[in-house]
Amino acid sequence: KLVSVDKDSFKRHSLDPEKAIDHFLFYYSANWSPNCLKFTPELIKFYTKAKKEAANFEVIFVSLDDSEKEMLDYMVEQKMPWPAIRFEDLTNLRFLKEVSGRGVPSLAVLDSRGLILAQSYKGGTRYIGPDSPLQEFQKLIGSKENEPKN
């Protein structure tokens, strides 16, 4: 159900079955949102630095774009280094709706068992944005990354 970008097209992406991942960050975003275009580079910067520090997590992009082409264009333009849920599978995966809301950008931090540790919705309904859950995750993994800008 995962894809990643290979030059200017999608390729099938599989997580390494030999390597258990401690945390997943589901990143809900879309190319039509100015706030997403502002936050995505911050998330990429954090991701790159934390991966160099050997943090055991993965970001999974959940596109709220209107088409697969818009999703691909957004991933290519932003140079997203993480995999994404295949566009055609986005509506079939019920758990994606359970950890998201209507606002973007949105971030949900889950442990390997699927327990939500932090998310962009306080109490599951009030949108607080992606900075707070990212900061909570940074503390959780002990990342020395500067806190994201608002």
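## Remarks on a nonpolar patch on the surface
On the surface, a cluster of nonpolar side chains totalling about 260 Å² of accessible area is made up of Leu115, Leu117 and Leu140. Structurally, Leu117 can be placed in strand β7 (residues 116-119).

## Points about the packing of aromatic side chains
A full pass over the atoms with the stated rule returns 12 aromatic pairs. Taking the centre distance of 5.2 Å and the plane angle of 65° together, the rings of Phe57 and Phe137 count as edge-to-face. Taken together, the residues Phe57 in strand β4 (residues 57-63) and Phe137 in helix α4 (residues 131-141) connect sequence positions 80 residues apart. In this pair, the class of Phe57 matches that of Phe137, namely buried. In this structure an aromatic cluster arises from ring pairing among Tyr27, Phe39, Phe46, Tyr47, Phe57, Phe61, Tyr74, Trp82 and Phe137. One Lys or Arg, Lys51, reaches over the ring of Phe57 and ends 4.9 Å from the middle of that ring.

## Structural notes on the confidence of the model for the chain
If pLDDT is low for a region, its predicted coordinates should not be looked at in detail. In this model, the chain carries a mean pLDDT of 90, and residues with pLDDT of at least 70 account for 95%. The secondary-structure element of the chain with the lowest mean pLDDT is helix α3 (residues 94-98), recorded at 79, while helix α2 (residues 68-78) shows the highest, at 97.

## Some remarks on the pairing of strand β3 (residues 23-29)
With respect to burial, β3 is a largely interior element, 7 of its 7 residues being buried. Covered by surrounding structure in β3 are His23, Leu25, Tyr27 and Ser29 together with Phe24, Phe26 and Tyr28, the residues of both alternating faces. Relative to β4, β3 runs parallel, the two sharing 7 bridges. Across the sheet, the residue bridging to Leu25 is Val59, located in β4. Handedness of the crossover joining β3 and β4 through helix α1 (residues 34-52): right-handed.

## Overview of the pattern of salt bridges
Applying the stated criterion to the full structure yields 7 salt bridges. For Lys1, the salt bridge identified is with Asp89, shortest N-O distance 4.0 Å. Taken together, the residues Lys1 in the segment before β1 (2-6) and Asp89 in the loop between β5 (84-85) and α3 connect sequence positions 88 residues apart. One salt bridge in this structure joins Arg113 and Asp111, with 2.7 Å as the shortest N-O distance. Among the ionic contacts, a cluster of salt bridges with common partners joins Lys1, Arg86, Glu88 and Asp89.

Conventions adopted
Residues numbered from 1 in each chain as written. Predicted model: local features only at pLDDT ≥ 70, side-chain atom pairs only at ≥ 80, totals over all residues. Heavy atoms only, no water. Patch = residues over 30% accessible without salt bridge, like charges linked within 9 Å, V, L, I, M, F, W, Y side chains within 5 Å. Areas by Shrake-Rupley, 256 points an atom, 1.4 Å probe, with all protein chains shown as cover. Salt bridge = Lys/Arg side-chain N within 4 Å of Asp/Glu carboxyl O. Helix = DSSP H or I, 4+ residues; strand = E, 2+ residues; numbered from the N terminus. Phe/Tyr/Trp six-rings, centres within 6.5 Å; stacked < 30°, edge-to-face > 60°. Buried < 20%, exposed > 50% of the residue type's maximum accessible area, 1.4 Å probe, protein only. Lys NZ or Arg CZ within 6 Å of the ring centre and 35° of its normal. pLDDT = per-residue confidence, 0-100. Pairing = 2+ DSSP bridges. Right-handed = clockwise from strand over helix to strand, strands pointing away.

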